Amino acid sequence: MYAYVKYVDDGCKEIVPTTDIKDFDMKLFSSDKIYWVRWKEAFYKAQIIFIKETREAVEDELSSGKRVRVRKVKEASPVAPPSERQEAKAKNINHRKAAEEAKKTNLLAILDDMKKRKKLSPICPTPQKKMKNSAMLCSVPSEEEEDDDNEDDEDDEDDDGGVVPQKMYEEVQRKYHYHGLYRGLRLQLEETKKKLEEQQRLYTEVEAEHKIIRKLNIELQQQLLCTLNSSLSSKCNDPACSSPRGTPEIADSGSGSPVEPAESTNKDEIDLGGGVWIRKDVWARVQTNGRDSLFVKELAVAIWGTKTLGDKSLTGKTCPTTKTNRQPLTPQKLQTLKVCFREWLQSKNVDDTEIQARCGKAGRYITEKIMDINKQKTKTTTPN
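Everything quoted here is computed from the prediction, not taken from an experiment.

A. Summary view of the overall build of the protein chain. Broken down by element type, the protein chain carries 11 helices and eight strands. Burial statistics for the protein chain: of 384 residues in total, 24% are counted as buried. Long-range pairs, those at least 24 residues apart, make up 60% of the contacts in the protein chain with a sequence separation of at least 6. Accessible area for the protein chain stands at about 27500 Å²; split by element, carbon and sulfur atoms hold 52% of it.

In structure tokens form, the structure reads like this:
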């Protein structure tokens, strides 16, 4: 921008750039004030008549022939021009600001470069690097500090000095610290994932091996049972071989009424072990049950018979309700029933822990069956 000014001392008028006007501010411009305007190497009092964007616009305004109005100047005098010392100080401050901006730009460039190489850089800086950063990132000197000597100011200009604020330096350190923690946690997470995958693989292998062993065990038991049945059948078919049990106690599990022992050939019976024989069709029907209680109750009726089972108790202790003593069940037959119950559970691929818990309920199921038989007897003997 250019101004058409009138010097107060000699009344001369000139076109000058606004940069030659001391402390000029377009927002505070007034044509009735006195400004300090540069002429060659010195400043002189002058009044600004008008301002245009270009020098040609000012010349066109003057050559148009219009009368240029010069407003009356106020009595107030302009502020005295600054001394050379003050100009040098202001120039020094401007230079420092420019150096500070340059340093900040340089630091941002360094940070960008460090971010690009963060994967290759160490998590924590070395002591030499810390000392170097501390020497390079120091505080900015205060603008209010007074300089008594121009030479000292020039030396300060030559010395770049640290221009990075302490807060920015601490923030950079904190970011690097958090970055290190994040990287360490990420490495730990990856190691934990690898260990978890390895444990999962081992668990899968062990589970598959356990299933194979269980299947082989079931097949082996079935083969042994078939071999034992074949051996017993061959012995029973031998005329010289007599039955070691005498007349077996056969029972039906379908109803609560007593079933008398039935005479049948040895081919229609099966030995459960321990000299306990029952009919094959009864054993096949017992095995088709889907519930533990039904299996135990029907097998108990098949072994002892309804009448005998109703006259006995599980342990032979005195009944707290009726105050009566009953003979306990035959231990050998009771053990055979429990063994059959365990083998039946194993054939259904039940875990060993669950088998142990479910086998412990066999005694309770037998007691319930005895109570059911006695209740049925009471109903049939009691008149309506």
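B. The side chain of K312, seen in detail. Within the element layout of this structure, K312 appears in strand 7 (residues 312–313). K312 sits in the buried class, given a relative accessible area of 19%. K312 has contacts with R326, Q327, P328, L329 and I370, leaving out every residue within four places of it along the chain.

C. Here's a closer look at the pattern of salt bridges. For the structure shown, the criterion picks out 12 salt bridges. Ionic pairing is found between E198 and R201, a salt bridge with its closest N-O pair at 2.3 Å. Residue E198 and its partner R201 are located together in helix 5 (residues 166–237), separated by three residues, close to a single helical turn. Classification of E198 by relative accessible area gives partly exposed; the value is 35%. Between D292 and R358 there is a salt bridge, with its nearest N and O atoms 2.7 Å apart. Of this pair, D292 sits in helix 7 (residues 292–304) while R358 sits in helix 10 (residues 352–359), and the two are 66 residues apart along the sequence. Residue D292 is classed as buried on the basis of its relative accessible area, which comes to 10%. Linked by salt bridges that have partners in common, E198, R201 and E205 make up one network.

D. The environment of V68, seen in detail. Within the element layout of this structure, V68 appears in the loop between helix 1 (55–63) and helix 2 (84–116). Under the relative-accessibility criterion, V68 is labelled partly exposed at 28%. Residues V68 and I49, 19 residues apart in the sequence, show an inter-C-alpha distance of 8.1 Å. Among residues more than four places away in sequence, those in contact with V68 are I49, F50 and L62.

E. Examining the nonpolar core more closely. Core analysis: the biggest nonpolar cluster contains 31 residues, and L272, L299 and L309 have the highest contact counts within it. The greatest single-element share of this core, amounting to eight residues, is contributed by helix 7. Look past the residues within four positions of L272 in its chain and what remains in contact with it is I278, W283, L299, I303, T336 and C340. Counting residues in each nonpolar core, the second largest holds 10 residues, with A3, V5, Y7 and V16 among its members.

Calculation criteria
- Residues numbered from 1 in each chain as written.
- Predicted model: local features only at pLDDT ≥ 70, side-chain atom pairs only at ≥ 80, totals over all residues.
- Heavy atoms only, no water.
- Helix = DSSP H or I, 4+ residues; strand = E, 2+ residues; numbered from the N terminus.
- Buried < 20%, exposed > 50% of the residue type's maximum accessible area, 1.4 Å probe, protein only.
- Contact = heavy atoms within 4.5 Å.
- Areas by Shrake-Rupley, 256 points an atom, 1.4 Å probe, with all protein chains shown as cover.
- Salt bridge = Lys/Arg side-chain N within 4 Å of Asp/Glu carboxyl O.
- Core = buried A, V, L, I, M, F, W, Y, C linked by side-chain atoms within 4.5 Å.

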